[in-house]
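Chain and residue survey
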Amino acid sequence: ARMLDAKVKWRKLVDASDGVTGFAIHGDDLYLLSHQDALRFKVLRTSVSHPDLENAAVVVAPGREIVTGIFAAKDALYVQARDGTAGKLYRVAYAKDAQPRPVALPASGDVDVADSDPRMPGVLLSIGSWTRVAAYYAQDKSGKFVDTGLQEPGRFGAPDSIESKEVMVKSWDGIEVPLSIVSPK
């Protein structure tokens, strides 16, 4: 109800022209996922109380991987990315010049952050692949991911008779594109 109060002063933090498609907040830090001048996205940091996109710090620079999401947890900002079809996860400490650090994953495949909470450390992941149904992994106190058991593989959820490989191949125009190969073992 207070949000609709005429006395509440609203202000714009970003505009559609800024190319922002996602955000996360930690204290007064506003993290933004933007495709402005970054075809594969970048992560910026500015202030919630004094936003300044022109002078925002680049937390994750655009690169070969596509940044697909950002998530605030108590211990760090988690950055979800994709390299071809392979999912990646990075951890960025809440410090001025912190660099993204790769997070060791319990399995390879399509990685999705299923949940994060700024009051709790770590994230909840869903990881699935061509040959394994998605499973949910939570971080324990040491930071390692453990299977929660929330999604049982089922009879056909993880067949032993097939395997998959992710490779990069040149297309007709010379551009490398991801290719998934699923075959019998």
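The paragraphs below set out a description of the structure included in this document. Starting afresh in each chain, residues are numbered from 1 along the sequence in its written order. Thresholds applied to this predicted model are a pLDDT of at least 70 for local features of residues and 80 or more for the giving and counting of side-chain atom pairs; totals over whole chains, interfaces and linings are not thresholded and use all residues. Note that water and hydrogens are dropped before the side-chain values are worked out from all heavy atoms of the structure.

Looking now at the overall build of the protein. By definition, any uninterrupted DSSP run of H or I lasting at least four residues is a helix, any uninterrupted run of E lasting at least two residues is a strand, and each is numbered from the N terminus. In terms of regular secondary structure, the protein is built from zero helices and 14 strands. Helices (α) and strands (β) of the protein occur, in sequence order from the N terminus, as β-β-β-β-β-β-β-β-β-β-β-β-β-β. Taking the principal axes of the C-alpha coordinates as reference, the protein spans close to 65 × 45 × 35 Å. For the protein, buried positions account for 28% of its 185 residues. Between buried and exposed lies partly exposed: a residue is buried under 20% and exposed over 50% of the maximum accessible area for its type, with that area taken using a 1.4 Å probe on protein chains only.

The next point concerns the sheet that holds strand β11 (residues 135–139). If you walk across this open sheet you meet the four strands as β9-β10-β11-β12, and the pairing is antiparallel. The open sheet has two edge strands with one neighbour each: β9 (110–116) and β12 (145–147). Sheet twist, expressed as the mean angle between neighbouring strand axes with direction ignored, is 30°. Taken together, the six bridges between β9 and strand β10 (residues 123–128) define a ladder with antiparallel strand orientation. Paired with S116 across the two strands is V123, which belongs to β10. Strand pairing requires that DSSP identify at least two bridges connecting the strands. Between N-to-C directions, angles cover 0 to 180 degrees, with each direction set by a line fitted to C-alpha atoms, over the stretch in contact for helices.

Across nine bridges, the pairing between strand β13 (residues 162–170) and strand β14 (residues 176–184) is antiparallel. In the sheet register, I162 faces β14, and the bridge partner there is P184.

So, on to the pattern of salt bridges. When a carboxyl oxygen of Asp or Glu is within 4 Å of a side-chain nitrogen of Lys or Arg, the pair counts as a salt bridge. Applying the stated criterion across every chain, the model contains four salt bridges. Across the salt bridge formed by K12 and D15, the nearest N and O atoms sit 2.8 Å from each other. Judged by relative accessible area, which is 33%, D15 ranks as partly exposed. Across the salt bridge formed by D117 and R119, the nearest N and O atoms sit 2.8 Å from each other. The class of D117 is buried, set by a relative accessible area of 18%. Taking the relative accessible area as the measure of exposure, R119 reaches 65% and is therefore exposed.

A few words now on the nonpolar core. Here, nonpolar core refers to any group of buried Ala, Val, Leu, Ile, Met, Phe, Trp, Tyr and Cys residues whose side-chain atoms link them within 4.5 Å. Judged by nonpolar contacts, the single largest core of 16 residues is most densely connected at V43, I70, L77 and V79. For this core, the elements supplying multiple residues, two or more each, are β2 (29–34), β4 (57–60), β5 (66–72), β6 (76–83) and β7 (86–93). Every residue pair with non-hydrogen atoms within 4.5 Å of one another is taken to be in contact. In this structure, L77 is in contact with A24, Y31, V43, I70, F71, A72, Y90, R91, V92 and Y94, ignoring residues within four places of it in sequence.

What follows is about the sheet that holds β5. Paired through their backbone hydrogen bonds, the strands of a sheet run either parallel or antiparallel. Taken in spatial order, the four strands line up as β5-β6-β7-β8 in an open sheet, and their pairing is antiparallel. In the strand order of this sheet, the two ends are held by β5 and β8 (101–102), each with one partner. Sheet analysis places β6 next to β7, joined by eight bridges and oriented antiparallel. Pairing of V79 across the sheet is with Y90, part of β7.

What follows is about unusual backbone geometry. One non-glycine residue, D37, lies in the positive phi region at around 60°. Within the fold, D37 resides in the loop between β2 and β3 (42–47). Its identity as a non-glycine residue notwithstanding, F41 has a phi of 80°, on the positive side. Of note, F41 is situated in the loop between β2 and β3.

Spatial relationships are all this shows, so hold off on functional conclusions.
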